[in-house]
Amino acid sequence: MTSETAIPFLDIKGLKTHFPVEKGIFFRKTVATVKAVDGVDLELKQGEILGLVGESGCGKSTLGRTMLQLLEPTAGSVRLEGRELVGLRGSELRAARKDFQMIFQDPYASLNPRMTVYDTLAEAILAHKSVPKKQMPDKVAELMNKVGLSPRFIKKYPHEFSGGQRQRIAVARALAVEPRFLVADEAVSALDVSIQAQIINLLAKLSREMNLTLIFISHDLSVVKHIADRIAVMYLGRIVEIGPAESLFDDPQHPYTRALVSAVPVPDPDRERERQRILLPGDPPSPLNPPKGCTFHPRCPHAVEACNASFPAWSQQGDRQVACIRLGEFE
Amino acid sequence: MALLSVNDLRTYFHTRAGVVRAVDGVSFSVDKGETLGIVGESGSGKSVACYSLMGLIPKPPGRIESGTADFDGQDLLKMSEKELNQVRGRRVSMIFQDPMTSLNPYLRVEDQLIEPLLLHGLADKATARKKALEMMEQVGIQGAASRIRMYPHEFSGGMRQRVMIAMALITEPDLLIADEPTTALDVTVQAQILELIKTMQQRMHMAVIFISHDLGVVAGFCDRVNVMYAGRIVESGATQSIYYHPSHPYNEALQRSIPALQPKGHELFTIEGQPPDLTKPLAGCSFAARCAHVSDVCRQGNPALKEMKDGHSTACVRVQEGGLELK
């Protein structure tokens, strides 16, 4: 990442989130550790949209949650405009949370079914600042307009909405505290294509208008490519490649990114038939017992003896940062 | 000669909220060895249509109101449960989205694999076991001889889907119905499974009905595609012509709202509104309320599929009349 003179908006260093696996009923002891996030460095500029991609179990959601202090990191630091978030507790953490919010995958599970849109959004607004009761309906209506929901639905319950509309409510709730940093975790994955497009447009528009910094977590590369400025590819708890969205997609460098990009189906029959897929052997290994050295080497078509040794350091490759020791040595 | 030809299938669900017309007059056919894709968004009736053919619709509340499904000279919809059992799992097999819920967690993989052979009396136990092992190897499971003695939870998602495929194909069926078989899988594993289905299909010369919401997967996998919307087929044709020359506004809009095809930085095209409520009778075209090209003719009658050219059919009245050019 190009280090600028000013402090980066979001600065993550050496972030690790490990989960202990315990056994025993009376004497619980840790028998193993799941290294869900295992050393992530990341810098974001204000207003930037970063796409975080990877397959299930690679730690992308855990990373998102750890950034927002929903999970306590094992090591590392997360600074928002120079302010350390790791270690904040109680009221301090709650106060800091006004700046960062999250949108979840399932709008059916993330909204309280017993609260009307008004209740849901008013609660969120009050968490941030005190608004006189009389002005509240206007505030709520304003939020609803912002996410493209008609304020005439203000008294309705979540079950009266479709999936896309519910996701709009979830977005509105996240925006209620006027955050500057938003993590969207698979926010469009549960939606149909035509509805998905509406939410993607909405998030892109909001990010532009409000100068909102957005981390967009998804397993769907084509969606991420569309919305993100930069993309970070994760594999087993680490970022293996990061760079500008379009160039990473068009010319992937890391062997894993190459395989991932080649596996994404393209809705174009002729291109789809001509394409050479890089078929990886096997499944992603368990983060419980990750391979030594480069975690990708057991599935990598270009692996050599040296890949066993240690996890590769970042190397700059044009506009990209890639964690692979064999770059340039294969075609 | 078509292997399966479905005519005017209607499956309704009689619920307390009213009659849901989940599948409302669907006709299509599948030839021997061909791959037919059925695409549509959730609730479009693509799965219900196929479940109806296999007698897998819960009755009540479901009811097949009309239609025929001619499979090799017999009507699947008129068969008794006993007759259906002779066809299901033997000549027509199915694989589902979630391999964990469709495998029995209490049984070893081997016992589940040999079951179709034993049930249909196609082999004795020893031969069935041999065949099961062969299938495990064919679907690419390493160390098949030991893994066959394991339980489903000991397999990963992709491996379970391989077991499902082995089980579905062990009787060498003429038709495989695959209902979103790769939706629950990661892209790299999805690529493996699609490759496997394709290889097995060529090896066994079977026809495949591939149900999916993913236009990307269907593009590379299917010979022909039916596009469903609100319980009806709105467009049908060869894959290339469906993608390159959409002739129904819904299909066109769907193609335009996929992120991959659009230049970056532009707003994605969106389809306004929601799919119609299937409990209310529809006057005219089911897409009329959301269509950008709607006119008065769209709200009358019930548009039927009409072939325009080379097996490419559309249910759009305006395209049929030649009054509308898409894309």
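Comments concerning the overall build of chain B
Helix and strand content of chain B: twelve helices and twelve strands. C-alpha extents for chain B along the principal axes are approximately 65 × 50 × 40 Å. Within chain B, the fraction of its 327 residues that count as buried is 49%. By sequence separation, contacts in chain B at least 24 residues apart represent 63% of the contacts at least 6 residues apart.

Examining helix α11 (residues 249-256) of chain B
Every α-helix carries 3.6 residues per turn, so stepping three or four residues along brings you back to the same face. Of all eight residues making up α11(B), seven are buried, and the element is well covered by its neighbours. Every buried residue of α11(B) is listed here: Pro249(B), Tyr250(B), Asn251(B), Glu252(B), Ala253(B), Leu254(B) and Gln255(B). Check the buried side of α11(B) and you find it contacts α6 (193-210) of chain A together with α9 (215-221), β9 (224-229), β10 (232-238) and α10 (239-244) of chain B.

Thoughts on the nonpolar core
If you look at the biggest cluster of nonpolar residues, it comprises 190 residues, and the most contacted ones within it are Ala172(A), Phe216(A), Val233(A), Ala166(B) and Ile209(B). A domain split of this core shows at least three residues from each of domain 1 (2-222) and domain 2 (229-320) of chain B. Those residues within four positions of Val233(A) in sequence are excluded, and the remaining contacts are Val53(A), Gly54(A), Ile239(A), Val240(A), Glu241(A), His254(A), Tyr256(A), Thr257(A) and Leu260(A).

Details of the interface of chain B and chain A
Facing the 38 residues of chain B at the interface are 31 residues of chain A. Of all elements in the fold, only α8 (187-204), α9, α10 and α11 of chain B reach the threshold of two or more residues within the side of chain B that touches chain A. Take the side of chain B that touches chain A: its biggest share by element is seven residues, from α8(B). Among the residues making up the side of chain B that touches chain A, the classes are represented as 16 nonpolar, 16 polar and six charged.

Topic: the domain arrangement of chain B
Residue and element names in this part refer to chain B. According to the domain assignment, chain B consists of domain 1 (2-222) and domain 2 (229-320). Just the C-alpha atoms count here: the centres of domain 1 and domain 2 sit 28 Å apart. When residues of the side of domain 1 that touches domain 2 are traced back to their parent elements, those giving at least two are β2 (18-31) and α9. A per-class count over the side of domain 1 that touches domain 2 returns ten nonpolar, seven polar and three charged.

Let's talk about the environment of Ile7(A)
Residues and elements named next belong to chain A. Among the secondary structure elements, Ile7 is positioned in the segment before β1 (10-23). Counting along the chain gives 75 residues from Ile7 to Gly82, while the straight-line C-alpha distance between them is 6.4 Å. If sequence neighbours within four positions are ignored, Ile7 has contacts with Glu81 and Gly82.

Considerations on helix α1 (residues 46-53) of chain B
α1(B) sits mainly inside the fold: eight of its eight residues count as buried. When we look at burial in α1(B), the residues that qualify are Lys46(B), Ser47(B), Val48(B), Ala49(B), Cys50(B), Tyr51(B), Ser52(B) and Leu53(B).

A look at the packing of helix α9 (residues 255-263) of chain A against α8(B)
Packed helices, taken two at a time, are described by their axes: the angle between them and the distance between them. Closest axis-to-axis distance for the α9(A)/α8(B) pair is 8 Å, and the angle between their directions is 55°. It follows that α9(A) is oblique to α8(B) by the angle criterion. In the packing of α9(A) onto α8(B), the handedness of the crossing is left-handed. Note on element contacts: α8(B) touches α9(A) through Val187(B), Thr188(B), Gln190(B) and Ala191(B), opposite Ala259(A), Leu260(A) and Ala263(A).

Rules of the game
Residues numbered from 1 in each chain as written. Chains lettered and ligands numbered in written order. Predicted model: local features only at pLDDT ≥ 70, side-chain atom pairs only at ≥ 80, totals over all residues. Helix = DSSP H or I, 4+ residues; strand = E, 2+ residues; numbered from the N terminus. Buried ≥ 20, exposed ≤ 12 C-beta atoms within 10 Å, placed from the backbone. Contact = placed C-beta atoms within 7 Å. Core = buried A, V, L, I, M, F, W, Y, C linked by C-beta atoms within 7 Å. Domains from an automatic or database assignment. Nonpolar A, V, L, I, M, F, W, Y, C, P; charged D, E, K, R; others polar. Axes fitted to C-alpha atoms, helices over the stretch in contact; angles between N-to-C directions. Parallel < 35°, antiparallel > 145°, perpendicular 65-115°, else oblique. Left-handed = near helix turned anticlockwise from the far one by under 90°.

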